[in-house]
Amino acid sequence: MKEKVVRKAILPAGGLGTRFLPATKASPKEMLPIVDKPMIQYAVEEAQACGIEEFIVITGKHKRAIEDHFDAAFKLEESLKKSGKKKLLEEINRLSHLNFAYIRQREALGLGHALSYARPFIRDEPFAVLLSDDIIDPDDTLLKDMIHLYRECKAPVLAIEKVPMSDISRYGVISGTREKENVYRIHDLVEKPPPESAPSDMAIIGRYILTPDIFEILENLAPGKGGEIQLTDALAGLLKRRTLYGYLFTGKRYDAGDKIGYLKATVDLALKNSEVSSHLKEYLIAVAERLKH
Ligand code: UTP
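Residues numbered from 1 in each chain as written. Predicted model: local features only at pLDDT ≥ 70, side-chain atom pairs only at ≥ 80, totals over all residues. Heavy atoms only, no water.

Caption draft 1: The arrangement of the nonpolar core in detail. Among the nonpolar cores identified, the biggest contains 40 residues, and Phe55 and Ile209 are the most heavily contacted of them. Take this core: its biggest share by element is six residues, from helix H7 (residues 142-153). Excluding its chain neighbours within four sequence positions, the residues that come into contact with Phe55 are Ala9, Leu11, Val44, Ala47, Gln48, Leu98, Asn99, Phe100 and Ala101. Ranked by size, the runner-up nonpolar core spans 34 residues in total, among them Leu115, Tyr208, Leu210 and Leu238. (Core = buried A, V, L, I, M, F, W, Y, C linked by side-chain atoms within 4.5 Å. Buried < 20%, exposed > 50% of the residue type's maximum accessible area, 1.4 Å probe, protein only. Helix = DSSP H or I, 4+ residues; strand = E, 2+ residues; numbered from the N terminus. Contact = heavy atoms within 4.5 Å.)

This is the structure in structure tokens:
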């Protein structure tokens, strides 16, 4: 049988983004810029670097700006052409060969619920899921490494990260045995456990390589924590049928769905941006001096 490659990615963006209110009252959280690109574009570029060219974005109310962002912008292109802004023109057309499909989640009933909408677009292929508010340092190779592991073990792979126990109840948490460097065979998954009953300090972060058998489980799943259809619960159901792996990420991740994570991502990614890095560095040094007094 021909090996199935990961060609598609789902980008769930149907959440309400309440931690960023009022900014997210009428605009998508996924369009908040980090330096000069919206958060969701970082996720798209990360997947594109792994050869993924088909994207299924799960949207919701007030999310139309995402569709416009990845669409052609003829008037803008004409104006950039006329004013000779070649570099900017190239920049806005850089992703124009990618294909996007948009599905609207009618109500924000959870990440698992959002994913279930993508079933008709995935059919029988493995696929990646990227939560765009988890920003992975663009120099890192997390998704590539996960796809590599999927090809080796032909089983779903979840990105995991060790987090302080004081934060554990914000995440889905796994327990597992280490099979080799960074690779864990998963024994158990729990959504947002209290620290005293968390099975470990290994939290699931926003990158997954999944197989279509997750959809059957999602469709029959009752609401879990917070009354939402939880992906972690569906994965716990899948674990009863097949092996799941965790890939331990040790690089830099920013929880940009949260204000402090967003600010850290902005500073660090701006420091990598040649246009602004040296001025920003000077400014940060001055701020650090000021804070000492
Ligand atoms: P979050 O837990 O960050 O929720 O969702 P949120 O609604 O985006 O933000 P807060 O917590 O209210 O501030 C994790 C991911 O799952 C998606 C979100 O868009 C985000 O990418 N999601 C969540 C959906 O697509 N639909 C949902 O019903 C819930």
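Caption draft 2: Region of interest: helix H10 (residues 259-271). Between the first and last C-alpha of H10 there are 18 Å, a value that for 13 residues agrees with the 18 Å anticipated at 1.5 Å per step. Those residues of H10 lying buried are Gly261, Tyr262, Ala265, Leu269 and Ala270. Viewed along the axis of H10, the buried residues span an arc of 155 degrees, placing them on a single side of the element. Against strand S2 (33-34), helix H1 (39-48), strand S7 (134-136), strand S13 (253-255) and helix H11 (277-292) lie the buried residues of H10. (Expected span 1.5 Å × (residues − 1). Arc of directions from axis to C-beta.)

Caption draft 3: Representation of the side chain of Ser116 in the model. One can find Ser116 in helix H5 (residues 111-116). Take Ser116: its relative accessible area is 18%, and that puts it in the buried class. If sequence neighbours within four positions are ignored, Ser116 has contacts with Phe215 and Leu218.

Caption draft 4: How the structure looks around a positive patch on the surface. A cluster of basic residues, Lys61, Arg64, Arg104 and Arg106, forms a positive patch at the surface. Positionally, Lys61 belongs in the loop between strand S4 (54-59) and helix H2 (64-69). (Patch = residues over 30% accessible without salt bridge, like charges linked within 9 Å, V, L, I, M, F, W, Y side chains within 5 Å. Areas by Shrake-Rupley, 256 points an atom, 1.4 Å probe, with all protein chains shown as cover. Salt bridge = Lys/Arg side-chain N within 4 Å of Asp/Glu carboxyl O. Lys, Arg positive; Asp, Glu negative; His and termini not counted. Charge placed at Lys NZ, Arg CZ, Asp CG, Glu CD.)

Caption draft 5: Highlighting the site of the ligand. Residues in contact with the ligand amount to 17 residues; listed here are only the nearest, Leu16, Thr18, Arg19, Lys29 and Gly110. Contacts to the ligand include Leu109, whose backbone N or O atom sits 3.2 Å from an oxygen atom. Contact with the protein chains hides 83% of the accessible area of the ligand, taken as 560 Å² for the molecule alone. Residues of the shell around the ligand, tallied by class, amount to seven nonpolar, six polar and four charged. (Near = heavy atom within 4 Å. Polar contact = N/O pair within 3.5 Å; in protein donor to acceptor, adjacent residues only side chain to side chain. Nonpolar A, V, L, I, M, F, W, Y, C, P; charged D, E, K, R; others polar.)

Caption draft 6: Looking closely at the environment of Ser96. Structurally, Ser96 can be placed in the loop between helix H4 (86-93) and strand S5 (99-104). Each C-alpha atom, one on Ser96 and one on Phe70, is 7.4 Å from the other, the two residues being 26 residues apart in sequence. Engagement of the side chain of Ser96 in a polar contact is seen with the backbone oxygen of Asn93, the distance being 2.8 Å.

Caption draft 7: Spotlight on the packing of aromatic side chains. The full count for this structure, using the stated rule, is five aromatic pairs. When the ring of Phe100 is compared with that of Tyr102, the centres are 6.3 Å apart and the planes differ by 15 degrees; the resulting orientation is stacked. The aromatic ring of Tyr42 is capped on one face by Lys37, whose charged end is 4.8 Å from the ring centroid. (Phe/Tyr/Trp six-rings, centres within 6.5 Å; stacked < 30°, edge-to-face > 60°. Lys NZ or Arg CZ within 6 Å of the ring centre and 35° of its normal.)

Caption draft 8: The pattern of salt bridges, seen in detail. Per the counting criterion, the structure on display carries 24 salt bridges. The salt bridge involving Lys272 is made with Asp137; its shortest N-O contact spans 3.0 Å. Of the two residues, Lys272 is situated in the loop between H10 and H11 and Asp137 in the loop between S7 and H7; the sequence distance between them amounts to 135 residues. Judged by relative accessible area, which is 45%, Lys272 ranks as partly exposed.

Caption draft 9: Looking closely at the pairing of strand S11 (residues 202-210). Extensive coverage of S11 is indicated by the burial of nine of its nine residues. Of the strand pairs in this sheet, strand S6 (residues 127-130) and S11 are connected by four bridges, and their pairing is antiparallel. Within S11, the position partnered with Val129 by the bridge is Tyr208. Sheet topology note: the strand S8 (residues 157-162)/S11 ladder contains five bridges and is antiparallel. Looking at S11, one finds that Lys162 is bridged to Met202. In terms of strand pairing, strand S9 (residues 172-180) meets S11 through two bridges, oriented antiparallel. When the sheet's bridge partners are listed, Ile174 is paired in S11 with Met202. (Pairing = 2+ DSSP bridges.)

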